Amino acid sequence: MIETLAAEPGAEADDLNASGLLASIRAERDAENTAAARQLELAAHWADLHPPESIHSAAAFTLPGSEHEEPIAGQGCPLVAEFCVAELGTELGMSSTAAKKLIGHALELRHRLPRLWRLVQTGAVPAWRARSVAERTIHATPALTKDAARFVDAQVAAVAGKIGPAQLDRLVAETIKCFDLAEHDPAADPEDGYLSVDPRHATLNDQDVHYAGTMHFEADLDLADALDLDGALAHGAALQKALGSTESLDVRRARALGDLARTQTALDLHAQGTTDARSTDGLPAAREVELHVHFDAAFVKDGEAVRTVFGPTGRLEERHKLLLLDQVKGWCADSRTKVTIRPVIDLNAELSAPGYEIPKSIREQVALRDRTCTFPWCTRPARGADADHVVEYDHDAEAEGRPQPGPTTSSNLACLCRFHHRLKTFTAWTYRMVAPGVFEWTSPHGHRYLRDRHGTTRLDDAGDLGELPGRP
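Being a predicted model, the structure only gives us computed values, none of them experimental. Here the residue numbers are simple positions, counted from 1 along each chain's written sequence. Since the coordinates come from a predicted model, pLDDT governs what is reported: local features require at least 70, and pairs of side-chain atoms require 80 or more to be given and counted, while whole-chain, interface and lining totals use all residues. Hydrogens and water molecules were not included; the side-chain quantities draw on all heavy atoms of the structure.

Undergrad: Would you mind showing me how to read the nonpolar core here?
TA: One broad trend across soluble globular proteins is that nonpolar side chains are buried collectively. Judged by nonpolar contacts, the single largest core of 58 residues is most densely connected at I103 and L107. Core analysis: the second largest hydrophobic core is formed by 10 residues, I362, A382, A387 and C415 among them. In plain words, nonpolar cores are sets of buried Ala, Val, Leu, Ile, Met, Phe, Trp, Tyr and Cys residues tied together by side-chain atoms within 4.5 Å. The cut-offs for exposure are 20% and 50% of the maximum accessible area for each residue type, with area from a 1.4 Å probe on protein chains only; residues under the lower value are buried, those over the upper are exposed, and the others partly exposed.

Given below as structure tokens:
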């Protein structure tokens, strides 16, 4: 006879036997699912508190770039005020994009997948599984009507939500066919009247980088394109072997694919009308891809000479990835690679410029300093963001003989993606720079966040800035 002990709340794992430990893990999972279901319910209620009417009542007229009403779920779900997602996201410690997805899933489940919504609220289906269904019904192509979504809801609810991604895709495709949703869809084939979704794609999985510094790339191509590509890779692999390469066929084919990216054989529209579209070797001009790589360097004395030594790993701005120095050396060894070394920029220097326009040198310094959008938990790259005057630039100050309150200086500029730039401009969100690259944000409800190159900290929990270890 095996005795099962109920786990006491907060019991230490070391105090439990095997049966008690399993019971405790199950209890924690049940509590997690209950909390996730409650979070969906609260997210839907947050949307209820921010209907489009809340925008119109707050502003007598609309300015370009100001808040608008936005559909974030499928047909039949209520619209919401665009900027409401930001404050919910910061409270949950997630980006505005993730918060928007959470609210969208909650509205989709409540309004278009009601059976699945009830199963989530009763604990029969975990929230993550229901959200995967909602994600698929929101973004189905062509779009699902409310009745079509209800049909999917009935089928999924009948099996208590236990349906895999492949089965879900087939169910959605069958629903589109049953409800004749492809009739007016440009992607549909008029000959057979059946759903024809173009499966072609070329996708880089940049979220999983192998320790060897490789990424997974997959594609579905047109039949002729696929055969042509296979032939080009076979030719490139054979050429490498003839030149002395001892690498495997798979490696040589992968290298050949990279060579195609740098030396494309298709018509280069950018080079039309120029006389230098081809290099002296007769090959098409290499496509120029700009990457920003940063390595720490040290000066080492070697006898009478001083040489520069770079660290073995660096940072690639694009996709926020680590990079090996040996990889960069390999790129530079390619005779068709153009390498530009820019001078080091002192990120602590105070640069300034007269007027409102931001010179390229200051914009570059601010992008390097901030790395990403400086809004709490936003990870959009700084190089593609707007450079915002933290204290607004007064265009009338000079003409009226007043000091400029918001000068164009390093200490008054911050990188904000376009969404959060608009949010800062048109809502009650405020922020200030407390040190170079360190920003304190305050939400419309008075919650405070510290944002720096280390990430985001909720100041409501951490206390004053001085209490944060390693932070100014």
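Undergrad: I'm lost on the side chain of S443 in this one. Help?
TA: Strands are runs of DSSP state E lasting at least 2 residues, helices are runs of H or I lasting at least 4, and numbering of each runs from the N terminus. Within the secondary structure layout, S443 lies in the loop between β15 (438–442) and β16 (448–452). For S443, a relative accessible area of 4% gives the class buried. Any two residues whose heavy atoms approach within 4.5 Å at even a single point are treated as in contact. With residues near it in sequence (within four places) discarded, S443 still touches E87, W429 and Y449.

Undergrad: What should I look at first to understand the side chain of S410 in this one?
TA: The residue S410 is located in the loop between β12 (408–409) and β13 (413–416) in this model. The class of S410 is buried, set by a relative accessible area of 3%. Non-local contacts of S410, meaning those with residues more than four positions away in its chain, are made with A349, E350, L351, Q365, R369 and M433.

Undergrad: Sorry if this is basic, but what is going on with helix α3 (residues 84–92) here?
TA: Two residues of an α-helix separated by three or four positions point the same way, owing to the 3.6 residues in each turn. Counting buried residues along α3, seven of its nine residues qualify, which places the element largely inside the surrounding structure. Burial in α3 covers these residues: C84, V85, A86, E87, L88, G89 and T90. Those residues of α3 hidden inside the fold are in contact with α1 (18–48), β2 (80–81), α4 (96–112), α13 (418–426), β16 and β17 (455–458). In the stretch just after α3, G93 is the one whose phi turns positive, near 70°.

Undergrad: Which parts of the structure should I look at to understand unusual backbone geometry?
TA: If a residue is not glycine, its phi is most likely negative; likewise, a peptide bond is most likely trans. The omega torsion across T141 and P142 is -5°, close enough to zero to call that bond cis. Mapping P142 onto the fold places it in the loop between α6 (127–138) and α7 (146–158). A positive phi angle, near 55°, is found at D180, a position not held by glycine. Classification of D180 as exposed rests on a relative accessible area of 53%. Here R371, not a glycine, exhibits a phi torsion of approximately 70°, which is positive. Turning to its location among the elements, R371 is positioned in the loop between α12 (360–370) and β11 (386–389).

Undergrad: I tried to follow the sheet that holds β15 on my own but got confused; where do I start?
TA: In a beta sheet, neighbouring strands are held together by backbone hydrogen bonds and run either parallel or antiparallel to one another. One open sheet holds the four strands; their spatial order is β14-β15-β16-β17, and the pairing between them is antiparallel. What marks the edges here is a single partner per strand, and that holds for β14 (430–435) and β17. Neighbour-to-neighbour, the strand axes of the sheet open up by a mean angle of 25°, direction not taken into account. Between any two strands, pairing holds if DSSP finds at least two bridges. Two elements, β15 and β16, share four bridges in a ladder whose sense is antiparallel. By the bridge assignment for β16, T442 is matched with R448. Working convention: axes come from line fits to C-alpha atoms, limited for helices to the stretch in contact. Angles between N-to-C directions cover 0 to 180 degrees.

Undergrad: Sorry, what's going on with the pattern of salt bridges here?
TA: Definition used for salt bridges: Asp or Glu carboxyl oxygen within 4 Å of a side-chain nitrogen of Lys or Arg. For the structure on display, the rule yields 19 salt bridges. For the salt bridge of E70 with K100, the shortest nitrogen-to-oxygen distance reads 2.7 Å. Of the two residues, E70 is situated in strand β1 (residues 69–70) and K100 in helix α4; the sequence distance between them amounts to 30 residues. For E70, a relative accessible area of 18% translates into the label buried. For D370, the salt bridge goes to R369, with nearest N and O atoms at 2.8 Å. Residue D370 is classed as buried on the basis of its relative accessible area of 5%.

Undergrad: Help me out: how do you make sense of the environment of K100 in this one?
TA: Residue class for K100 comes out partly exposed when judged on its relative accessible area of 31%. The spatial distance from the C-alpha of K100 to the C-alpha of A43 is 9.6 Å, given a sequence separation of 57 residues. If near-sequence neighbours (up to four positions away) are discounted, K100 is found in contact with E70, I72 and V85.

Undergrad: Please clarify how the packing of α1 against α4 should be interpreted in this entry.
TA: Angle between the axes and distance between the axes are the two parameters that describe a pair of packed helices. It is at 8 Å that the axes of α1 and α4 come closest, and there the two elements cross at 95°. Considered as vectors, α1 and α4 are oriented roughly perpendicular to each other. Of α4, the residues touching α1 (which contributes Q39, L40, A43, A44, H45, W46, A47 and D48) are L102, I103, A106, L107, L109 and R110. Residues that form the contact of α1 with α4 fall into these classes: 10 nonpolar, two polar and two charged. Note on terminology: angles under 35 degrees are roughly parallel, angles over 145 are roughly antiparallel, angles of 65 to 115 are roughly perpendicular, and the others are oblique. The residue classification treats Ala, Val, Leu, Ile, Met, Phe, Trp, Tyr, Cys and Pro as nonpolar and Asp, Glu, Lys and Arg as charged. All others, Gly included, are polar.

Undergrad: Quick question: what am I supposed to make of the pairing of β15 here?
TA: Where a strand is regular, its side chains alternate between the two sheet faces. Burial within β15 is extensive, with four of its five residues counted as buried. The pairing of β14 with β15 spans five bridges and is classified as antiparallel. From the neighbouring strand, M433 faces β15, where its bridge partner is F439. Hairpin remark: β14 followed by β15, antiparallel, with two residues in the connecting loop; positive phi at G437, about 75°. In textbook terms, the turn of a hairpin is the stretch between consecutive antiparallel strands, and for β15 and β16 this stretch comprises five residues, one of which, G446, has a positive phi near 85°.

Undergrad: Please explain the packing of α4 against α6 as it appears in this structure.
TA: Contact geometry of α4 with α6 gives a least axis separation of 9 Å together with a crossing angle of 85°. With respect to their mutual orientation, α4 and α6 come out roughly perpendicular. Contacts from K101, L102, G104, H105, E108, L109 and R112 of α4 reach α6 at A130, R131, A134, E135, T137 and I138. Residues of the contact of α4 with α6, tallied by class, amount to five nonpolar, three polar and five charged.

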